[in-house]
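# Chains, contacts and geometry: an overview
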Amino acid sequence: MAALVAVQNRGVAQMVEPAVAHGEDPRSYARLLAEVYDATMAGERPPARPREVIGDSWERVRAAGLLPDDDAAPAVNAAEVARLRRASGLASVIDDLEGGLAPIIDGGSSIMVVSDAEGRLLWRTGAPRVLRQADALGFVEGAAWGENDVGTNAIGTALAARGAVQTFSAEHFARNQHPWTCSAAPIRDRRTGALLGVVDVSGPAHTVHPTTLALVAAVAGLAEARLRESHQAGLEQLRTVAAPLLAGITGPGLVVDTHGWVAAVGRLGHRARVTLPAVMEGSHLWLPELGECTVEPLPGGWLLRPVATDSLAERTRVTVDVRADRTPEVSVLGAAGQWRHQLSPRHAQILELLADGAGHTASQLASSLFGDGSRVVTVRAEISRLRRVLSGLIAAQPYRFADGVCVELLR
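For clarity, every value in this text was computed on a predicted model and none was experimentally measured.

## Details of the overall build of the chain
Helix and strand content of the chain: 12 helices and 18 strands. Structurally, the chain occupies a C-alpha span of about 75 × 50 × 40 Å along its principal axes. Among the 411 residues that make up the chain, the fraction classed as buried is 46%. Considering only contacts within the chain whose residues lie at least 6 apart along the sequence, 52% involve residues at least 24 apart.

Now the structure itself:
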């Protein structure tokens, strides 16, 4: 069966598992996989177990209600593809990906495909013959290839497993993908760990090779490094504007790039990033970490100046929405407008408890959340994260919403 191969990626040695090990006959293995697949899909005892990453994926896909012969959804149009490319943050490294994978795709038997973090295919390049075969499969720009869209496949399963994945022949869930082999690795934002997308090499099943996945994973790591270098260069350029600007103003201020990463700070404590709304509108905003701020546009970023006020809480309304039919959310309405933030289940539980207005010690919260009043360290860590989101609105000793905040709980 498959062997593990080490690859130096993202600064540490990681292990990637090729579908076919060195020295194994792909044709014999494909026949065994077909028997395993047919038995599994029929609910019978298979002659062997699929690899763990594949078996787990099959379970997820079947639980989602997909069938092996389902048709893929139609691709989005070219205008939407262009918009998604801009939003993906990957456009600047496509040439790097293509160059790094040239030894594979220039051979004429494979193509390179890059998706966004949702599995939507945004770029393709490679052998024209293989591209035409991919067209017939619906493996085209604008198509959705997450697990919930087309079943087990290298792109969707790499996103679900958050790691490099190679799929071969009948390891694919959809029968029309069985003639293919694909090797995919996620590309992350090294600043946050968030997934940005996936780079994939695909071709006919007979082109499977155990080293392909290691190369794809290594190239993904190089792309991550390039994105980080580009980000640092952008911040350095912004600092040349920010330093004299901050020196010339009175009071606290900071300069951030368009994603909220801090280039320079004046008369404020150090921080790496602030949370910005999706759309920056108006000259005043309420920001989670800073409260009410004035906002001035700069080339490549913003100048933020917190507004000194002792009555922020008294002018703020907080709505905690924990209704079962939607994602938990907190919204804050203040003098500078409204701001919304999706909550993790744990943070939703905490805010629901604080909304009673009684005040809670760390031990009391631990008992309510975990049934164990000794887990105060965990509670304090979670409260600390919440206070970074809801700046100035959560008080301590005991934990509660600050005096004067109007709180509404929607259950």
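## Quick notes on the UniProt feature "domain: GAF" (unreviewed entry) in the chain
According to UniProt, the "domain: GAF" (unreviewed entry) feature falls on residues 124-226. Helix makes up 38% of residues 124-226 and strand 25%, whereas the separation of the span's terminal C-alpha atoms amounts to 20 Å.

## Here we look at the packing of aromatic side chains
Aromatic rings considered in pairs are described by the distance between their centres and by the relative angle of their planes. The final tally for this structure, using the stated rule, is 4 aromatic pairs. Each ring, one from Tyr37 and one from Trp58, has its centre 5.8 Å from the other, and the planes form 80°; the classification is edge-to-face. Of this pair, Tyr37 sits in helix H1 (residues 26-41) while Trp58 is found in helix H2 (residues 52-63), placing the two residues 21 residues apart along the sequence. Judged by its relative accessible area of 3%, Trp58 is buried. Within the aromatic cluster, the residues linked to one another by ring pairs are Phe139, Trp145 and Trp180. Cation over ring: Arg375 sits above Phe370, and NZ or CZ is 3.9 Å from the ring centre.

## Here's the deal with the pattern of salt bridges
Following the criterion strictly, the structure yields 20 salt bridges and no others. Salt-bridge contacts for Arg51 lead to Glu17; the nearest nitrogen and oxygen are separated by 3.4 Å. Taken as a pair, Arg51 in the loop between H1 and H2 and Glu17 in the loop between strand S2 (12-16) and H1 lie far apart in primary sequence, 34 residues in all. For Arg51, a relative accessible area of 6% corresponds to the buried category. Glu17 gets classed as partly exposed once you look at its relative accessible area, which sits at 25%. When the shortest N-O distance is used, the salt bridge between Glu141 and Arg85 registers 3.2 Å. With a gap of 56 residues between them, Glu141 in the loop between helix H6 (128-137) and helix H7 (147-150) and Arg85 in helix H3 (residues 78-88) connect regions that are remote in the sequence. Judged by its relative accessible area of 32%, Glu141 is partly exposed.

## Overview of the nonpolar core
A general trend in soluble globular proteins is that nonpolar side chains are found buried together. Of all hydrophobic cores here, the largest spans 28 residues; its most connected members are Val318, Leu351, Leu354 and Leu390. Put simply, the parts of the chain that give this core at least two residues each are strand S13 (317-321), strand S14 (329-334), helix H10 (345-354), helix H11 (362-370) and helix H12 (376-389). Element by element, the count of residues in this core is highest for H12, at 5 residues. One finds Leu90, Leu196, Leu213 and Ala214 within the second-largest nonpolar core, a separate group that totals 27 residues.

Procedures and definitions
- Residues numbered from 1 in each chain as written.
- Predicted model: local features only at pLDDT ≥ 70, side-chain atom pairs only at ≥ 80, totals over all residues.
- Heavy atoms only, no water.
- Helix = DSSP H or I, 4+ residues; strand = E, 2+ residues; numbered from the N terminus.
- Buried < 20%, exposed > 50% of the residue type's maximum accessible area, 1.4 Å probe, protein only.
- Contact = heavy atoms within 4.5 Å.
- UniProt positions renumbered as here; feature names shortened; annotations may be inferred.
- Phe/Tyr/Trp six-rings, centres within 6.5 Å; stacked < 30°, edge-to-face > 60°.
- Lys NZ or Arg CZ within 6 Å of the ring centre and 35° of its normal.
- Salt bridge = Lys/Arg side-chain N within 4 Å of Asp/Glu carboxyl O.
- Core = buried A, V, L, I, M, F, W, Y, C linked by side-chain atoms within 4.5 Å.

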